[in-house]
Structure formats: C-alpha cells, structure tokens
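# Topology and contacts: notes
Here's the letter readout for the chains.
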Amino acid sequence: MTNATSAPPPAAARPGRAPASRALFDRASAVLPGGVNSPVRAFRAVGGDPLFIARAEGARLFDADGAEYIDYVGSWGPAILGHAHPAVVEAVREAASRGLSFGAPTELEVRFAETIRALYPSIDMLRCVSSGTEATMSAIRAARGFTGRDVLVKFEGCYHGHADPLLVKAGSGLATFGAPDSAGVPEGAARNTLSLPYNDAAALEAAFAARGGDIAAVILEPVVGNMGCVPPEPGFLALVIDLCRKHGALSIFDEVMTGCRLARGGAQERFGLRPDLTTLGKIVGGGMPLAAYGGRADVMRVVSPLGPVYQAGTLSGNPIAVTAGLATLERLTPDLYERLERLGAALERGLRAAAEAASVTACVQRVGSMITLFFTRGPVRCWAEASTSDTKRFSAFHAGMLARGVYWPPSQYEAAFLSGAHTEQDIERTIAACREALAA
C-alpha cells in the first residue's frame, strides 16, 4: 500500500459549514423526536448535528450541502455491494412496475426462502418479516412456544432490537434477572430475562446450573457489532450450543448484522456451527426493509398457521424487498469476500499504525469487513471492557474524520463496515485522514 498522506480527501463539510443539513435538522426536530427516526442518527454520542444525506453511490455519501464522504456506515451494514448497485436498482425498478405489495403469496418469497436455506444449513424453514427487531422478537416467541419455558438468556452489549424483554440491564449476580433498561418497559417484561457478560463461559455455566430447567433460549450476536466489533472467545459459541442442547433449551444466533457479512452463510459458516434458530436482516434485504427468522423444522412448525405461536405481518415478504434481497444475494461471490478481507486487513493495519504514531491509547478489532477503533487499551472482550473507552477522544476523532471527508459511525460502540465498492485508494485516504485526525 502506498503512502497517500498528500492525497486530497473528498470535499467534505467543515464544522459549521453544513447549512442545508442544519436547516433540515431544525425542521425535523419540530416533527420527529430528536429530529431523527432512529436514535444513533442524532449524533448525540459525538456531539454536533447530524448530516442529512441526499444520495449515495458506491462507497460514497453526498449530503444536503453537496459534500462527499467515504462511507463506513453502509446503512448500518446492508450495503455490502455498495450503495445503489446498478443490478439491484434495476431489479427493484422492474419489480415495482408489477406492483408494490399484494398481501398474498408470491413466487419471489419461495425463491428467497430457498436461497436462504441453501446458504444456511441450520435453517430448514423460515418466515419473512420486515425488521431485525421483528425477527428476534418472533424467534424468541417461537423458542418459548416450542420449549414451554419462559426464561431468556442474553448478553450485555449485544443488541437484539427494541422489544420489551430485550431492553434489560444485568442483574446483581450471575444468575439474577434483569431490570428494565428503558422507560416504558414494565418490570414484568424483564422478569424472565437473564443478562450475562459476553464471552464469560463461567457465568453462562452458572446460569444453566441455577436455572437450566427454566431456560427457553440463549440469544447472542455471534460477533458483536453493537458495542463495537467484539469477536467471540475460542469455544464460547460452541459452549452456548452445547449447553442449550444439554438442558433442552434453544440457541439463537442473531445474525441480523453478521449474516452474509462475515461469509455467505454468516458467522455460523465462518465458525462451522449450527444454532437451533437464526435471525437475519440488513444484507438479506439488499437495503430494503426485510428480515427473517428460521431454523430447525420441528421448531418452526410451532409458528402459525401450523402451530400455536402467532406471528403475522402485512408487508412480510414484500415483493420489492425480496427482489432487492435476491439481487444482492446472487452477487455475494467468493471474490467479494476475498476483497473485503484484504481491504479490511489493510484498514486494520493502517488504523493501528496511525494510533501508534500519535501515541494514542487505542486498539483495533476486526472480523472480516466489520471493524472498530476502540479508544481503550484492549483487547475488548465484553461490555465492561468496551465501556472503558475514552468517548470524548472518540468524539474528537469522529469530528476530525468527518472534516476530512470520512463518514465513520457516530458512536464508539458501533462497528464500521466495508463494502465491495471501496477501493484501495479509499483505504489509503481513510488512513491518511485518521493519521491527521489523531495527530490533531
């Protein structure tokens, strides 16, 4: 990789020079809570006001003021091919000409389910839904319906959507139940959720020893992206599956983020494992609102209309979303993943070198095309360690990157993503921007 310190970054908005975004944010704040439709978009974690995006193409975002950025958010993961991939856009345009929604079965839904089943050997049957939250909520309900048990085990720092039972903080001991972590969540909704430290095998074994006969399922991100990129310790994922099988519980891999990101078959392909249930989203929808949950046939047969677990959705399996998903999945080639791995490794080396050159306490963690620069010594293996990060320094870093034309996730605790549209030159420019931002 050549030295690109002299390469000019894309034209970007400098602090205080985004008047169109500022005006839009003022308007939005009057009609949307916090001016946004999802909290992390508000830039509260990094300070300042959010940029309003007008369009995107490849690895680039263009804001309402016309400034250009190298994008590492990728719509929070779905844009693995890059934004507005011509083949995906054309497929969606052609599907839209036949109608936007029917509320009836289509062949597209069948093709999509068959494609997912071929990619994920752990999935015998699946159900389409419209969001990752809906997928995880429904998978947990299916697990409880199948086992006849109520207790759910989750891990601190893993995010599985905003359903009531999942918005909990840890209890006071290894096997104590959680308490609501959001206003509006009744205590009863959290009463049957155990929240444990991620990567803590002893805590998980203690939970099963104490309540194994009550546990319906264990849900986790196999590689965490919602406290930054945190990989599993060797053997931890296998332990989850083994303990669930031993105690008659179900293992749920939440691959809304990692699915088709770390490999065509997600983290379970990368690590050679088969959970009982899997949730998918983001990439499988090609950037459209589409998600799915699925797994063993005997478990999925409890879902209505075959069984007593009710779940429905007017737009589930929407033909436009399914079309975008199929067009994306068809283009997930071995060459793409090799390229993502190569670019990710180059970015990892460059970020680490930039931090060392600036004498900044930081660590870089990456799995495939997911990457995080943590402003803490590291390694980061759980939420307790991630939370030691210097978030003020991250905020300054984020502002510095933005001023240099790089759109990095506006939170220390969110993974950044590469896409097939990123180039070697993009990586060089990003590393140069990082060196300057950290030095400043």
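Predicted, not measured: the structure shown is a model, and the values here were computed from it. (Residues numbered from 1 in each chain as written. Predicted model: local features only at pLDDT ≥ 70, side-chain atom pairs only at ≥ 80, totals over all residues. Heavy atoms only, no water.)

As a working rule, side chains carrying opposite charge can pair if their charged atoms are close by. All chains considered together, the criterion is met by 21 salt bridges. Across the pair R93 and E90 runs a salt bridge, and its minimum N-O distance is 2.8 Å. In this pair, R93 and E90 are both assigned in helix α2 (residues 86-96), three residues apart and thus about one turn of the helix distant. According to the relative accessible area criterion, E90 is partly exposed, its value standing at 43%. Two residues, E385 and R381, come together in a salt bridge whose shortest N-O distance is 2.8 Å. Owing to a relative accessible area of 23%, E385 belongs among the partly exposed residues under this scheme. R381 gets classed as partly exposed once you look at its relative accessible area, which sits at 35%. (Salt bridge = Lys/Arg side-chain N within 4 Å of Asp/Glu carboxyl O. Helix = DSSP H or I, 4+ residues; strand = E, 2+ residues; numbered from the N terminus. Buried < 20%, exposed > 50% of the residue type's maximum accessible area, 1.4 Å probe, protein only.)

Bringing the packing of aromatic side chains into the picture now. With the rule as written, the count across this model stands at 12 aromatic pairs. With a centroid separation of 6.1 Å and 85 degrees between ring planes, the pair formed by F155 and Y198 is classed as edge-to-face. Here the residue F155 occupies a position in strand β5 (residues 151-155), and Y198 occupies one in the loop between β8 (193-196) and α6 (201-211), the gap between them amounting to 43 residues. Y198 shares its class with F155; the two are buried. Their ring planes at 70 degrees and their centres at 5.5 Å tell us that Y198 and F236 sit as a pair that is edge-to-face. Taken together, the residues span a long stretch of sequence, with Y198 in the loop between β8 and α6 and F236 in helix α7 (residues 236-247) at a distance of 38 residues. The exposure class assigned to Y198 is buried, which follows from its relative accessible area of 2%. Among the aromatic residues, those joined into a cluster by ring pairs are Y72, F375, F394, F397 and W408. Here the guanidinium or amino end of R55 rests over the ring plane of F62, the centre of that ring lying 3.9 Å away. (Phe/Tyr/Trp six-rings, centres within 6.5 Å; stacked < 30°, edge-to-face > 60°. Lys NZ or Arg CZ within 6 Å of the ring centre and 35° of its normal.)

We now examine the packing of helix α3 (residues 107-119) against helix α10 (residues 319-329). Contact geometry of α3 with α10 gives a least axis separation of 9 Å together with a crossing angle of 35 degrees. At the point where α3 passes α10, the crossing takes the left-handed sense. Two secondary-structure elements touch here, α3 through L108, E109, R111, F112, T115, I116 and L119 and α10 through P319, V322, T323, L326 and L329. When grouped by side-chain class, the residues that make up the contact of α3 with α10 number eight nonpolar, two polar and two charged. (Axes fitted to C-alpha atoms, helices over the stretch in contact; angles between N-to-C directions. Left-handed = near helix turned anticlockwise from the far one by under 90°. Contact = heavy atoms within 4.5 Å. Nonpolar A, V, L, I, M, F, W, Y, C, P; charged D, E, K, R; others polar.)

As for its placement among the helices and strands, S389 is situated in the loop between α12 (383-386) and α13 (391-403). On the basis of relative accessibility, which here comes to 8%, the residue S389 falls in the buried class. Within the structure, the side chain of S389 is placed 2.8 Å from the backbone oxygen of A386, a separation counted as a polar contact. The contact partners of S389, leaving out residues within four places of it in the chain, are F374, F375, T376, Q412 and Y413. (Polar contact = N/O pair within 3.5 Å; in protein donor to acceptor, adjacent residues only side chain to side chain.)

Take the sheet that holds strand β16 (residues 416-417) next. Reading across from one edge, β13-β14-β16 is the order of the three strands in this open sheet, with antiparallel pairing throughout. Two strands in the sheet have a free side with no partner beyond their single neighbour: β13 (363-367) and β16. Pairing geometry for β13 and strand β14 (residues 370-374), over five bridges, is antiparallel. Paired with R366 across the bridge in β14 is I371. Along the sheet, helix α11 (residues 334-357) makes contact with β13 and β14, crossing β13 at roughly 175 degrees. (Pairing = 2+ DSSP bridges.)

This part is about the nonpolar core. Ranked by size, the top nonpolar core spans 67 residues in total, and within it F397 and W408 carry the most contacts. Counting 31 residues, the second-largest nonpolar core is a separate cluster that includes A207, C244, L273 and Y413. (Core = buried A, V, L, I, M, F, W, Y, C linked by side-chain atoms within 4.5 Å.)

Right, let's get into the environment of P319. Looking at the secondary structure, you find P319 in helix α10. When its relative accessible area of 7% is taken as the criterion, P319 is described as buried. With 210 residues separating them in the primary sequence, P319 and E109 have C-alpha atoms 7.3 Å apart. Excluding its chain neighbours within four sequence positions, the residues that come into contact with P319 are G99, L100, S101, F102 and L108.

What follows concerns the confidence of the model for the chain. Summing up the model confidence of the chain, the mean pLDDT is 93 and the portion of residues at 70 or higher is 94%. Here residues 171-176 scores under 50 on pLDDT; set against residues more than four positions off or in separate chains, the count is 13 contacts. (pLDDT = per-residue confidence, 0-100.)

Quick look at unusual backbone geometry now. The linkage connecting S304 with the following residue, P305, adopts the cis geometry, with an omega of 15 degrees. On the secondary structure map, P305 appears in the loop between α9 (297-300) and α10. A positive phi angle, near 70 degrees, is found at N199, a position not held by glycine. Inspection of the secondary structure assignment puts N199 in the loop between β8 and α6. Judged by its relative accessible area of 12%, N199 is buried.

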